[in-house]
Amino acid sequence: SHCRAVTVYDKPASFFKETPLDLQHQLFMKLGCTYSAFKARSEHLDPATERSAFTERDAQSGVVTYLRGRPALLISSTSWTEDEDFSILLAALEKFEQLILDGESLPSLVCVITGKGPLKEYYGSLISQKRFQHIQVCTPWLEAEDYPLLLGSADLGVCLHKSSSGLDLPMKVVDMFGCCLPVCAVNFQCLHELVKHEENGLVFEDSEELAAQLQMLFSKFPDPAGKLNQFRKNLRESEQLRWDESWKQTVLPLLMDR
């Protein structure tokens, strides 16, 4: 029989967790040096106030707060291969932009797409032709330790992973859920084991459906009573539950054996 190594984390999936606001601010300021999507939109009056596109740090107290009217931060991680149809997200973003132009009450979007792969250049040139006014698409190169911090700072994750076998669950979603980040994921056979539609995220079939979900989730953003926040609460609770359970199943027996 093959021996199975047991990984014991000292806390839920140790580095995938929600990012505290002051750490978010540090990350945004750091990324803002290289990527304009993270930079403050306008030059502000008080030069002592540090400001990113999403947050500001008060010069006197050092306290970090979210900016009013901040953009929503959407993150998708892709391998830029045929496996993941990135055009679905692109088409949904175009529809979202049109909704804003039509006067819908929706936030601007910063859409961060991470990952390396063969189709990155191709989609990069498509994106740059779009001339979005309310959406910034950013494909940063992230240091390994910044990826979980960014997931833990985002408002929504989008997963375009379609399993060829229908069996492998996307680890990206597991990581997003570890950060209590609600997810919209493209549907495939086993996905329901992970993404519980209307509980911790939403499942879509095509760009029309994804655009409608983005519209619903981001209407009146950042609405404390909104669905996005409800999903996040559910994830926080299930994360704690899952952690307590896995501790009982994996760690406790090890301790009892001694």
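What counts as what
Along each chain, the written sequence defines residue order, and numbers are assigned to residues from 1. In view of the model being predicted, local features appear only for residues whose pLDDT reaches at least 70, and side-chain atom pairs are presented and counted only at 80 or more, with totals across whole chains, interfaces and linings using the full set of residues. As a rule here, side-chain values come from all non-hydrogen atoms in the structure, and water together with hydrogens is ignored. UniProt positions are given in the numbering used here, feature names are shortened, and annotations may be inferred rather than shown by experiment. Elements are defined by DSSP. Helices are runs of H or I of four residues or more, strands are runs of E of two residues or more, and each kind is numbered from the N terminus. Think of it in three bands: with a 1.4 Å probe and only protein chains considered, a residue is buried below 20% of the maximum accessible area for its type, exposed above 50%, and partly exposed in between. Here, two residues are considered to be in contact whenever any of their heavy atoms come within 4.5 Å of each other. Where accessible areas are quoted, they stem from the Shrake-Rupley method and a 1.4 Å probe; at the residue level, only the protein chains shown are allowed to cover. Lines fitted to C-alpha atoms define the axes, with helix axes restricted to the stretch in contact, and inter-axis angles between N-to-C directions lie between 0 and 180 degrees. Roughly parallel means an angle under 35 degrees; roughly antiparallel, over 145; roughly perpendicular, 65 to 115; everything else is oblique. Put simply, a crossing is left-handed when the front helix is turned counterclockwise from the back one by less than a right angle, and right-handed when it is turned clockwise. The residue classification treats Ala, Val, Leu, Ile, Met, Phe, Trp, Tyr, Cys and Pro as nonpolar and Asp, Glu, Lys and Arg as charged. All others, Gly included, are polar. Classification of ring pairs uses Phe, Tyr and Trp, with its six-membered ring standing for Trp, and accepts pairs whose centres are within 6.5 Å; under 30 degrees between planes counts as stacked, over 60 as edge-to-face, and the remaining range as tilted. Strand pairing requires that DSSP identify at least two bridges connecting the strands. Here the expected span of a helix is defined as 1.5 Å times the quantity of residues minus one.

Looking at an unreviewed UniProt entry, the protein chain carries the name Chitobiosyldiphosphodolichol beta-mannosyltransferase, with the source organism given as Neovison vison. If you open the UniProt record of the protein chain and go to Subcellular location (unreviewed entry), you find "Endoplasmic reticulum membrane". The record held by UniProt for the protein chain lists under Catalytic activity (unreviewed entry) the comment "an N,N'-diacetylchitobiosyl-diphospho-di-trans,poly-cis-dolichol + GDP-alpha-D-mannose = a beta-D-Man-(1->4)-beta-D-GlcNAc-(1->4)-alpha-D-GlcNAc-diphospho-di-trans,poly-cis-dolichol + GDP + H(+)".

(A) Geometry of the overall build of the protein chain. The number of helices and strands found in the protein chain is 7 helices and 9 strands. Out of the 258 residues in the protein chain, the part that is buried amounts to 43%. Here the analysis covers contacts within the protein chain between residues at least 6 apart in sequence; of these, 70% occur between residues at least 24 apart. Per element, the accessible surface of the protein chain, about 13,900 Å² overall, is 53% carbon and sulfur.

(B) Focus on the packing of helix α2 (residues 86-101) against helix α6 (residues 207-218). Two elements in contact, α2 and α6, have axes separated by 8 Å at closest approach and are oriented at 50°. Between α2 and α6, the crossing angle belongs to the class labelled oblique. In this structure, α2 crosses over α6, and the sense of that crossing is right-handed. Contacts between α2 and α6 involve I88, L89, A91, A92, K95, F96 and L99 on the former and, on the latter, S207, E208, L210, A211, L214, Q215 and F218. Here the contact of α2 with α6 is built from residues that sort into 10 nonpolar, 2 polar and 2 charged.

(C) Structural detail: the packing of aromatic side chains. The full count for this structure, using the stated rule, is 10 aromatic pairs. Centre to centre, the rings of W80 and Y123 are 6.1 Å apart; their planes meet at 35°, and the pair counts as tilted. Taken together, the residues W80 in the loop between β4 (72-77) and α2 and Y123 in helix α3 (residues 120-129) connect sequence positions 43 residues apart. Given a relative accessible area of 2%, W80 falls into the buried group. Look at Y122 and Y123: their rings are 4.9 Å apart centre to centre, the planes differ by 65°, and that puts the pair in the edge-to-face class. According to the relative accessible area criterion, Y122 is partly exposed, its value standing at 48%.

(D) Looking closely at the sheet that holds strand β8 (residues 183-186). Spatially, the 6 strands line up as an open sheet ordered β6-β5-β4-β7-β8-β9, and their pairing is parallel. Unpaired on one side and paired on the other, β6 (135-138) and β9 (201-204) mark the two borders of the sheet. Here the average twist between neighbouring strands, direction ignored, is 20°. The sheet contacts of α2 involve β4, β5 (109-114), β6, β7 (156-159), β8 and β9, and relative to β5 the element is tilted by about 170°.

(E) Here's a closer look at the pairing of β6. When β5 meets β6, the two strands line up parallel, connected through 4 bridges. Looking across to β6, one finds that L109 is bridged to I135.

(F) Looking closely at α2. Here α2 contains 16 residues, and its C-alpha end-to-end distance of 23 Å stays within 8% of the 22 Å for a straight helix at 1.5 Å per residue. Turning to α2, its buried residues are F86, I88, L89, L90, A92, L93, F96, E97, L99 and I100. Downstream of α2 by one or two residues, G103 has phi in the positive range, about 95°.

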